[in-house]
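Listed below, chain by chain, are the residues.
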Amino acid sequence: MSIDDTRTGAAPAPTGPLSRVDYSERIPNNVNLAGDRRLQRALEGWQPKFLEWWKQLGPALPTKDVYLRTAIAVGRDGWAHFAHVPMDEYRWGIFLAERDPDRKVNFGKHKGEPAWQEVPGEHRADLMRLIVIQGDTEPASVEQQRVLGHTAPSIYDLRNLFQVNVEEGRHLWAMVYLLHAYFGREGREEAEQLLKRNSGDLDAPRILGAFNEATTDWLQFFMFTYFTDRDGKYQLGTLKESAFDPLARTCEFMLKEEAHHMFVGTTGVQRTLERTAELMKEHDTADILPHGGIPLDIIQKYLNFQFSVSMDLFGSEQSTNAGNYYTSGLKGRWMETRRKDDHVLLDATRELRYVEDGQIKTKTVPMLSALNLDLRDEYVADCANGVRRWNQALEDAGLSERLYLPHEGFNRKVGVYAGHHVTPQGEVVDEDAWNARAAEWLPTPEDREKVASLMIPEYEYGKFAGWIAPPKTGINDQPVEFDYVHLADEGLL
Amino acid sequence: MERALTVTFATSPDRYRHWTLHVDGAVATVTLRVDEHGGLVPGYELKMNSYDLGVDIELYDIVQRLRFEHPEVKAVVLTGGLERMFCAGANIRMLAQSTHAWKVNFCKFTNETRNGIEDATEHSGQTWIAALNGTAAGGGYELALACDQIVLVDDGSSAVSLPEVPLLGVLPGTGGLTRVVDKRHVRKDRADLFATKAEGFRGRTAVEWGLVDAAVPRHSFDDEVARRAGEAVAASTRPSDAKGVVLTPLERKDEADAITYPYLSARIDRANRLVEITVSGPADAPPADPAAQGAEYWPLAVTRALDDLILHLRTNELELGIWVLRAVGDPERVLAYDAQLREQAGDWFVNEVRHYYKRTLKRLDVTSRSLIAVIDPGTAFAGLLAELALAADRQYMLEGVYEDRDADAAPATLLLTPSNDGDYPMGNGLSRLESRFWGNDGDLAAVRARLGEPLDAAAAQELGLVTLALDDIDFEEELRIVLEERASLSPDALTGMEANHRFAGPETLETKIFGRLTAWQNWIFIRPNASGPDGALRRYGTGRKGDYDVERV
């Protein structure tokens, strides 16, 4: 990779304290890989399998190179280094946030003790499980999104897709590092399984349901990066609090990259809406499909779907495991250290909504048993912010229509609402009523076909497909029409 | 948990809430899909295909009906109706809120049902195959272990596991530890790894270690299960053309202190904490075609009633610590049935009746009640019914007659047949005579020499078949004192003592499960590390793990 390219743009020179990345090694890292021969050999053994997986299930559209952000250090600015890179030469590395030698466990029964630098035997199985589940989601989304390049609405969006993909790949690396470094042979076996399970594979599906759903089109991709990656953000946020310091530091660094994925989702939906609003105004109709835009009701249905399957990712509202993880110090709450309570929660309670006799009721439950719900509530509040922002675009266009988040019980397969039917407005209905109206709330195959009919690739620099508005600015202060991606066959065009 | 309800063991397919039974020719498919809200008592939800006693009562009913009502079924596929979770085992919240007695009864019953599944495979030509379409954890895997073969879906996620030790601080007490090493021959160090690794093992490793027989990808899963079922069908000796015998609802009359079935009655004496159980012999000679008589066939009717009564008393009448066993009727008629059961043992239905009676006697053997047999005039303790007397902890026999009451009655005799010497073996693999005379071959030979001969009290005592033979001057008073003394002893000590005495001789899988595994489990259940306020079992679900007293005992 050339780092003196004049077009590397405005990435600032690293200023804060940073760990130098060992680029002389095959696997860039700030964990002194060179000093650990056993670990190095293990990871080097895994790397070819990872590359094989990337070639088979990574992005399907052939490219020469892509303007990508690469982490070269973890200091204040060094993690965002931009350059054109052939994707299979992308340097998936291992970076942990800087270690705080005085870090303490901040919650649970070990509160106040020094953070763990090694895995305690007592928590080995649980920690490994948490890392495997997190790790399983990272490559899953790459697999789900692999064909999207063929229908990219612009070179700019294509670049963003690939950036998301390589970073999911790096996050997989991060989890694999932990498995290899701290969990011995079993960890290595689990690391291999992460590549053997594949999204939507009948024989070896990914662990969590939402990661086996096909990503059919770019609207869904944006919804996915908004809602489902946001679940990832919140999960990472809880692991960032872990008493197991290497996990905490890994996740802290991953969260920085995750912000980009959120950005892709937020702006992707927003730009889609802007174009939709524009066409609605222009033609004075909601039925803008004939005019090349995605109708608002279909956007709402996509939102409903992705929000509800992402809600399922938080698991059951009442969870013994979540409580155990908390008490044991493995997984904290969102913004744990900013919370004003005892961080032990033995006596704390909260309200839980559930369905009984066809009605949504509330009961008080021990807080420790409801930590999944605690996290999910934080997530929902965050999601609501995004929806407000999107609605601003509708308001700015002078339209009265608005998007909304469906009720938390809508279309749920996991937890207290599973087995019940709840409308987006929060009304409990019977199966017949649900079946009669489900097509109003969730994307039908016809809706997906309609959206797919608009998904025509636009590979000309600076041009955008008709269903989406251009962004206000480009990436890393480059112009919107920048050559973010060089396609493999562009010489033939 | 307060025992607020009386548990009923009778059910039928139209009432199942948790299982479906689908019969397709020679292959039956039994599918577990637990109704989360169908718990037997309030206070827990049966998530993830976890089970409680109610779920297991239905399974027991299925096992029984498959054997009697479906002679054509030669292979049984046991599978789950949820995605990615076959069965999560016994519901932990249920266990955590249950009394010790409830847990113990629950485990005993589930153990018996799993033994019954193995019995069907071994003796009935009805091979059970576990088709694990998702993870089988704890009791879920133990259920699979009771099957002849285990096929696990190989999807990179589904595992078999015994997480009780690491997660709950108790044992996989439904045969898990025992079957892993004794039945599946998993090496002890691997068994140790397996039982301490909460998430268990998947695909290839599970096969390599012998935890399952095959791990196959989802796309070929059904084919593999069908192939194995087909092989089992081909190897079965069960008839294809026989007509099943319907297990019609039991006739049972419940009164305040009495329960009556057509050939069985129980009279409850709460003041003395005992129940007098009386089996009645047949009214007629045996029919030429037992299967044609169906559920009315006397040995089957007696067995079903006895089975139901044992379960009822065991679960619902915890304070009735002494069961006094009697048999009344014409011993000759009993012997006629006794002979028929032996002569027609090759008939599928008679075979089923024999094994059902065997299993019911085994249920009696592992019952934690003092069993006292009384043999007095009018007794029908002969052949198969004499097994009840031999199963008892003590046998009291009246020498002569009750002079004041019925001076003309014929004195009681005890009559043994091959039924007592191998037809209905105990869990230790021995007949009740072999167990009784374990290590005393001369005594056993002496009894064997007199099979088929009516033995009066003196002869029975001489041969060591009864504890005490007394004439009517002493008999009733002696019996009263014996029963009162028994009632005064520690129920716990009696349970332990009886269980030790009943199973002389070698260990088998069954005796290990009911002795070693269950005894350890029951000890662990009451230890603070499991059920104390900070114990792992009690804390489960609170978000906190157990705090252990680290002292090894």
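Trainee: Honestly, the overall build of chain B in this entry has me stumped. Any pointers?
Mentor: Scanning chain B from N- to C-terminus turns up 22 helices and 20 strands. Relative to a compact globule of 553 residues, whose C-alpha radius of gyration would be 24 Å, chain B shows 24 Å and is just as compact. Seen along its three principal axes, the alpha-carbon backbone of chain B occupies a region of about 75 × 60 × 45 Å. Counting all 553 residues of chain B, 57% fall into the buried class. Residue pairs at least 24 apart in sequence account for 74% of intrachain contacts in chain B once pairs closer than 6 positions are excluded. Carbon and sulfur atoms make up 50% of the accessible area of chain B, which totals about 21,900 Å². In chain B, 60 side chains carry a positive charge and 85 a negative one; their mean positions are 8 Å apart.

Trainee: I keep staring at the domain arrangement of chain B and nothing clicks. Help me out?
Mentor: By convention, interface size is frequently given as the accessible area that disappears when the constituent parts associate. Residue and element names in this part refer to chain B. Along its sequence, chain B is organised into domain 1 (13-235) and domain 2 (253-502). Inter-centroid distance (C-alpha atoms) of domain 1 to domain 2 is 34 Å. The interface is formed by 15 residues belonging to domain 1 together with 19 residues belonging to domain 2. When the two sides are added together, the surface that domain 1 and domain 2 hide from each other amounts to roughly 1,500 Å², 50% of it contributed by carbon and sulfur. Taken together, the connections running from domain 1 to domain 2 amount to five salt bridges. Of the charged contacts in the structure, one is a salt bridge between Lys358 and Asp119, with a shortest N-O distance of 2.5 Å. Remark: the boundary between domain 1 and domain 2 carries 12 residue pairs in polar contact (both at pLDDT 80 or more). Those elements giving two or more residues to the side of domain 1 that touches domain 2 turn out to be α1 (53-69) and α3 (100-123). Per-element tally for the side of domain 1 that touches domain 2: the top contributor is α3, with eight residues. Along the lines of polarity and charge, the residues of the side of domain 1 that touches domain 2 split into six nonpolar, five polar and four charged.

Each value, and the rule that gives it
- Residues numbered from 1 in each chain as written.
- Chains lettered and ligands numbered in written order.
- Predicted model: local features only at pLDDT ≥ 70, side-chain atom pairs only at ≥ 80, totals over all residues.
- Heavy atoms only, no water.
- Helix = DSSP H or I, 4+ residues; strand = E, 2+ residues; numbered from the N terminus.
- Rg over C-alpha atoms; globule rule 2.2 N^0.38 Å.
- Buried < 20%, exposed > 50% of the residue type's maximum accessible area, 1.4 Å probe, protein only.
- Contact = heavy atoms within 4.5 Å.
- Areas by Shrake-Rupley, 256 points an atom, 1.4 Å probe, with all protein chains shown as cover.
- Lys, Arg positive; Asp, Glu negative; His and termini not counted.
- Charge placed at Lys NZ, Arg CZ, Asp CG, Glu CD.
- Domains from an automatic or database assignment.
- Buried area = accessible area lost by both parts, 1.4 Å probe.
- Salt bridge = Lys/Arg side-chain N within 4 Å of Asp/Glu carboxyl O.
- Polar contact = N/O pair within 3.5 Å; in protein donor to acceptor, adjacent residues only side chain to side chain.
- Nonpolar A, V, L, I, M, F, W, Y, C, P; charged D, E, K, R; others polar.

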